[in-house]
Number of protein chains: 2
Amino acid sequence: MIGVDWGTSSFRAFRLAADGRILGRRSTPRGILHVEGGRFADALLAEIGPWLAEGERRVLLSGMIGSRQGWVEAPYLPCPAGAAELAAALAPVPFDAAQVLLVAGLSDADDSGTPEVMRGEETQIVGAMQALDGDGLACLPGSHSKWARIAAGRIAAFRTYLSGEAFAALRSGTILGRMMQDGPTDPAAFDRGVARSGDYGHLLHHLFGVRTLGLFGRLSEHESASYLSGLLIGHEVRAARPQGLTVHLIGAAPLCALYARAIAACGGEAVLQDEDAAARGLSLIARSAQWN
Amino acid sequence: MIGVDWGTSSFRAFRLAADGRILGRRSTPRGILHVEGGRFADALLAEIGPWLAEGERRVLLSGMIGSRQGWVEAPYLPCPAGAAELAAALAPVPFDAAQVLLVAGLSDADDSGTPEVMRGEETQIVGAMQALDGDGLACLPGSHSKWARIAAGRIAAFRTYLSGEAFAALRSGTILGRMMQDGPTDPAAFDRGVARSGDYGHLLHHLFGVRTLGLFGRLSEHESASYLSGLLIGHEVRAARPQGLTVHLIGAAPLCALYARAIAACGGEAVLQDEDAAARGLSLIARSAQWN
């Protein structure tokens, strides 16, 4: 079968054996925002045509491709949900050259009744479930970071933090960005930002401190972006309160490494999952649907 | 004398009698960012020339005009400081048609040693000191909101929150803004945002909720911006912890009214000062310098 993790800004396809082994992979920046005029069938065919020509006939999609801005809008399943629930809710997608199904997203509500949604992350979490041993805490850092509590092999609840997108907006749209230079993350400056977040609940005040520390020569233009990143990730980690639970980090290695650093500084423990959780999740959901 | 509150984006001049009465006023959008090539002397002459022609010979400036990006860089005085300290530190500015002096800014440090700065707000606070009766809490909402503790007629300490600038950046630079329409503040949606901030320390999570509430039809495009404003101001007010102290709000009336609403919802008490605090402050500082 073919599994595709099709997000807003990236397209990652895997050719998968029946036992889940990855036989081939393909990664492009052709996320759903970069497919003109909603021609998703054409885009898919262009990307996986060679595998179809070699006889693949089943394609399982996950991610924002199932959103209102995507190809077909798949439902949100309420938590708790795991591979079995997702397998029972696969949505068909019209496509000539193969049978295409879509993994549903998940929804939840926090204590205030505010809705929560994810699309794509549920599949990655399912793929990391074995490492999680069925229970624990998963974190998927990104523009909209997800923290999910896993219980009895299912996603029991989750919360989203806008940290990544807030970082980008604060950097490009406020006076803070005027004193920042591009470059690799400065670990010491990042750590200082994380430490500052220990003054819990004062994020809006700490943001102004990025400016004054620069103004008084205590953060260089090179360090400022790393400090801001540490501030935001630190506040996120402290709000998510991972104390006592090992956090399984799922996603791109460089960002996961920063999160691991912040979690350790906040007194938690983190382990990094490999970057193929999506492929494993797609395979496990297909297997649960007896469709692999 | 002539008093000028010359900020980043606005220029407000007052013709003042020796007893502080406002004899005339002039307000333009000619903030320091809108004075080309640093020609501040020309800009000042163009704005207050008629008053100089009528015999005024003393001009006192406050605000960002005294910053590195301004005309002459005035120092920051450390807290605590009041009218007397400011009067003793007026900085001369070269100008042919009158004697021009600049009010210094103030600096402070929070518990972590992170520096704090203000320029212009110190003059407004001095102007509101009488209403404060020498003790209490002043809040000057804006892009960089200032909360100042007043003791024995001086500014004892202050903290800055980036709430206003964060609002603008989140609105223009994230997915949240795509579901927002311009319009007057919706009080009920603003109140919902303030109430949400009661879940202290979870701002980054609450920001994502702006999106999901919109996605699920529980915030209209018209309400979303007001809700986001309530969230940010609510988190700021709770971090500033005004409990037990009356907050004296200094600034533009519509924004001050929103802050008063948020402070009341958080269990505090607020009173609005009039918008002429800057004029009164300039007059009081000049009087303290025996220069009016």
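Bear in mind the structure is a predicted one, so any value in this text is a computation, not a measurement.

Engineer: Whenever I open this one, the sheet that holds strand β12 (residues 154-161) of chain B confuses me. Can you help?
Structural biologist: By way of backbone hydrogen bonds, the strands of a sheet pair with one another, either parallel or antiparallel. Residue and element names in this part refer to chain B. Judged by pairing direction, the sheet is mixed, and its 5 strands sit side by side in the order β12-β11-β10-β13-β14 without closing on themselves. The open sheet is flanked by β12 and β14 (269-272), the only strands paired with a single partner. Looking at each pair of strands side by side, their axes are set apart by 25 degrees on average, direction ignored. Pairing of strand β13 (residues 246-249) with β14 involves 4 bridges; the strand directions are parallel. Looking across to β14, one finds that Thr-246 is bridged to Glu-269.

Engineer: In this structure, what is going on with the packing of aromatic side chains? I would like to understand it.
Structural biologist: Remark: the centre distance and the inter-plane angle together describe each pair of aromatic rings, the angle taken between the planes. Under the counting rule described, the total for this entry stands at 13 aromatic pairs over all chains. Look at B:Trp6 and B:Trp71: their rings are 6.3 Å apart centre to centre, the planes differ by 75 degrees, and that puts the pair in the edge-to-face class. Placement of B:Trp6 in strand β1 (residues 2-6) and of B:Trp71 in the loop between β4 (58-62) and β5 (76-78) is noted, with a sequence separation of 65 residues between them. With respect to class, B:Trp6 is no different from B:Trp71; both count as buried. Positioned over the ring face of A:Trp291 is A:Arg58, at 5.9 Å from the centre of the ring.

Engineer: When you look at the pairing of strand β9 (residues 115-118) of chain A in this model, what are you seeing that I'm missing?
Structural biologist: A regular strand carries its side chains on alternate faces of the sheet. Residues and elements named next belong to chain A. Here β9 shows no split at all, with Pro-115 and Val-117 on one side and Glu-116 and Met-118 on the other all buried. The pairing of strand β8 (residues 105-109) with β9 spans 4 bridges and is classified as antiparallel. From the neighbouring strand, Leu-106 faces β9, where its bridge partner is Met-118.

Engineer: I would appreciate a short explanation of the interface of chain A and chain B in the present structure.
Structural biologist: It is common to give the size of an interface as the accessible area that goes away when the parts come together. Listed as interface residues are 44 residues of chain A and, on the opposing side, 44 residues of chain B. Counting each side, the surface lost to burial between chain A and chain B is near 3,900 Å², with a carbon and sulfur contribution of 67%. Interface area lost by chain A to chain B is led by A:Leu162, A:Leu204 and A:Phe208, which between them contribute 18%. Ionic pairing is found between A:Asp110 and B:Arg196, a salt bridge with its closest N-O pair at 2.5 Å. For the pair chain A and chain B, the interface holds 24 residue pairs in polar contact (both at pLDDT 80 or more). Of all the elements in the fold, those that place two or more residues in the side of chain A that touches chain B are β9, β12 (154-161), α4 (163-173), α6 (203-215) and α7 (221-240) of chain A. The leading source of residues in the side of chain A that touches chain B is α6(A), at 9 residues. Residue composition of the side of chain A that touches chain B, by class: 20 nonpolar, 14 polar and 10 charged.

Analysis parameters
For every chain, the first residue of the written sequence is number 1, and numbering continues from 1 onward in sequence order. By the order in which they are written, chains take letters starting at A while ligands take numbers starting at 1. At least 70 in pLDDT is required for a residue's local features to be given in this predicted model, at least 80 for side-chain atom pairs to be given and counted, and no such filter applies to totals for whole chains, interfaces and linings, which use all residues. Processing note: side-chain calculations cover all non-hydrogen atoms of the structure and skip hydrogens and water entirely. Pairing between strands is defined by DSSP: at least two bridges between the two strands are required. Secondary structure counts use DSSP, requiring at least four H or I residues in a row for a helix and at least two E residues in a row for a strand, with both numbered from the N terminus. In this analysis an axis means a line fitted to C-alpha atoms, helices contributing only their contacting stretch, and an angle means the value between N-to-C directions, from 0 to 180 degrees. Stacked, tilted and edge-to-face pairs are distinguished by plane angle, under 30 degrees for stacked and over 60 for edge-to-face with tilted covering the rest, among Phe, Tyr and Trp rings (Trp via its six-membered ring) whose centres lie within 6.5 Å. Only protein chains enter the accessibility calculation, which uses a 1.4 Å probe. A residue is then buried if its area is under 20% of the maximum for its type, exposed if over 50%, and partly exposed in between. Whether a charge sits over a ring depends on NZ of Lys or CZ of Arg being within 6 Å of the ring centre and within 35 degrees of the ring normal. Every residue pair with non-hydrogen atoms within 4.5 Å of one another is taken to be in contact. The buried area of a pairing is the accessible area, by a 1.4 Å probe, that goes missing from both parts when the two are put together, added over both. Criterion for a salt bridge: a side-chain nitrogen of Lys or Arg within 4 Å of a carboxyl oxygen of Asp or Glu. In protein, a polar contact requires one atom able to donate a hydrogen and another able to accept it; more generally it is a pair of N or O atoms within 3.5 Å, and residues adjacent in sequence count only if both atoms are side-chain atoms. Following the grouping adopted for this structure description, the nonpolar residues are Ala, Val, Leu, Ile, Met, Phe, Trp, Tyr, Cys and Pro, the charged ones are Asp, Glu, Lys and Arg, and the polar ones are all others, Gly among them.

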